[in-house]
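Residues per chain, in single letters:
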Amino acid sequence: MQPVSQVSVNHMLGVHTLRFDDTNGDTITVANGVNGDSKMQVRGALMSEKVVFETMRSYFSSSGTVVFCLEEHLERLRISAGLMSVPMPEIDRLTAEISEVAVGDRSIRVTLGEGGSRLVESSPCDFSRVGLPVSVGTFEVDDSPKFPSTAKHGYRSAWSDSASLQGVDEVLLVSSKGEILESNNSNVFAVVGGKIVTPPLDGRQLAGVTRQSVIELALGMGLQVQEGALLLSDPFDELFLTSSLKEVAPVSSICGKALKSGSVTVRLQKSFSTLYR
């Protein structure tokens with residue numbers, strides 16, 4: 001059965017969009033409809049040009065649907081767009097389009113292309129990714145990357161491809177010196193001697209929105225948090241990843257070597273899960 005499309009106009013903002021509701025309840029898409037482009041035409045245009053994107057999560061709470069740290073996500077998208085010379089729409093336009101697709105517990109992705117095309121899409125939250133253990137491999141990154149590491153750009157897909165080839169959930173991005181910088185979809189934290197350690201934001205990784213929330217949450221719980229170098233060869237008591245879609249997820253193995261989840265990770269998982277529920 002084909003998705004049902006609806007043309008909607010937000011007269012307050014002058015936004016003309018095409019909204020596609022998947023009749024199976026899977027995906028809701030708002031495509032830029034100014035030029036009469038269909039969803040597939042917009043997606044085709046984005047596949048052939050330089051893009052930046054942002055992923056976020058909406059929660060169904062007692063007060064209605066809430067998008068986790070929406071302002072922070074849009075600010076990071078603005079920074080990515082600037083670094084990659086991709087046009088950034090007005091914030092009010094994007095906010096209106098995100099509200100169209102944020103209906104309950106959803107995974108949301110905003111994609112912007114250098115030609116001005118954009119897609120705002122959501123799908124039901126994949127709860128198999130929320131807080132569950134993840135296996136990781138490694139991927140050595142260039143010390144002088146062609147594209148800025150602080151931007152969420154489409155060329156990051158190569159790292160996800162590497163994870164698939166290695167048969168793992170994600171890959172840790174490692175410098176030539178063996179430093180763990182981040183993973184392809186997440187920020188990285190370790191627990192060493194009861195202290196939480198995460199790589200500093202030194203321009204070689206994304207400034208994770210969930211990363212900052214977890215740091216603030218941990219400090220509020222009385223835990224010690226330190227920004228510092230993490231070497232792949234370091235001994236860890238615990239290792240976990242953070243992102244908007246997986247929240248706080250323990251690493252179960254690195255390149256096939258098993259790791260155990262610990263009490264610090266579990267405490268953070270429980271506390272984070274109450275933020276919007």
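Everything here concerns the structure above.
First, a word on what this report is: a plain description of the structure on this page.

## Description of the overall build of the protein chain
- In terms of regular secondary structure, the protein chain is built from 6 helices and 16 strands.
- The long-range fraction of contacts in the protein chain, counting pairs at least 24 apart against all pairs at least 6 apart in sequence, stands at 65%.
- Accessible area of the protein chain: about 13000 Å², with a carbon and sulfur share of 52%.

## Overview of the packing of aromatic side chains
- Under the counting rule described, the total for this entry stands at 3 aromatic pairs.
- For the ring pair Phe-68 and Phe-272, a centre distance of 5.7 Å and an interplane angle of 65° mean the geometry is edge-to-face. Remark: Phe-272 occurs in helix α6 (residues 263–272) and Phe-68 occurs in the loop between β5 (64–67) and α2 (70–83); sequence separation between them is 204 residues.
- Judged by relative accessible area, Phe-68 falls into the buried class, the value being 1%.
- Given a relative accessible area of 3%, Phe-272 falls into the buried group.
- For the ring pair Phe-147 and Tyr-155, a centre distance of 4.0 Å and an interplane angle of 5° mean the geometry is stacked.
- Its relative accessible area of 23% is what places Phe-147 among the partly exposed residues.
- Given a relative accessible area of 40%, Tyr-155 falls into the partly exposed group.
- One residue, Arg-109, lies across the ring of Phe-53, its end atom 4.0 Å from the ring centre.

## Things to note about the environment of Ser-273
- Locating Ser-273 in the fold gives a position in the segment after α6.
- Linking Ser-273 and Val-248, residues 25 residues apart in sequence, is a C-alpha distance of 8.9 Å.
- A polar atom in the side chain of Ser-273 sits 2.8 Å from the backbone oxygen of Lys-270.

## Brief notes about the environment of Asn-185
- By the element assignment, Asn-185 lies in the loop between β10 (180–183) and β11 (187–192).
- Considered as a pair, Asn-185 and Asp-169 are 16 residues apart in the sequence and their alpha carbons are 9.7 Å apart.
- Ignoring anything within four residues of it in the chain, the contact list for Asn-185 reads Ser-160, Glu-170, Ser-243 and Lys-246.

## What to know about the pairing of strand β7 (residues 118–124)
- The buried count for β7 comes to 5 of 7 residues, which makes it a mostly enclosed element.
- As paired elements, strand β3 (residues 28–32) and β7 share 4 bridges and run antiparallel to each other. Within β7, the residue paired with Ile-28 across the bridge is Ser-122.

Calculation rules
Just so you know, the residues in each chain are numbered from 1, in the order the chain's sequence is written. For a predicted model such as this one, the threshold for reporting local features is a pLDDT of at least 70, and the threshold for listing and counting side-chain atom pairs is 80 or more; totals across whole chains, interfaces and linings nevertheless cover every residue. Where side-chain values are given, they derive from all heavy atoms of the structure, hydrogens and water being excluded. Note on conventions: DSSP H or I runs of at least 4 residues are helices, E runs of at least 2 residues are strands, and numbering of each starts at the N terminus. Throughout, a residue-residue contact means that at least one pair of heavy atoms, one from each residue, lies within 4.5 Å. Under the convention used here, a 1.4 Å probe and the Shrake-Rupley method define accessible areas, while residue burial counts only the protein chains that appear. Two rings from Phe, Tyr or Trp (for Trp, the six-membered ring) form a pair when their centres are within 6.5 Å of each other. A pair whose planes differ by under 30 degrees is stacked, one over 60 is edge-to-face, and the rest are tilted. For every residue, the accessible area obtained with a 1.4 Å probe (protein chains only) is divided by the maximum for its type, and the residue is called buried under 20%, exposed over 50%, and partly exposed between those limits. Ring-over charges, as used throughout, are those where CZ of Arg or NZ of Lys falls within 6 Å of the ring centre and within 35 degrees of the ring normal. Residues adjacent in sequence count toward polar contacts only when both atoms are side-chain atoms; beyond that, a polar contact is any pair of N or O atoms within 3.5 Å, and within protein one must be able to donate a hydrogen and the other to accept it. DSSP bridges decide pairing: two strands pair if at least two such bridges lie between them.

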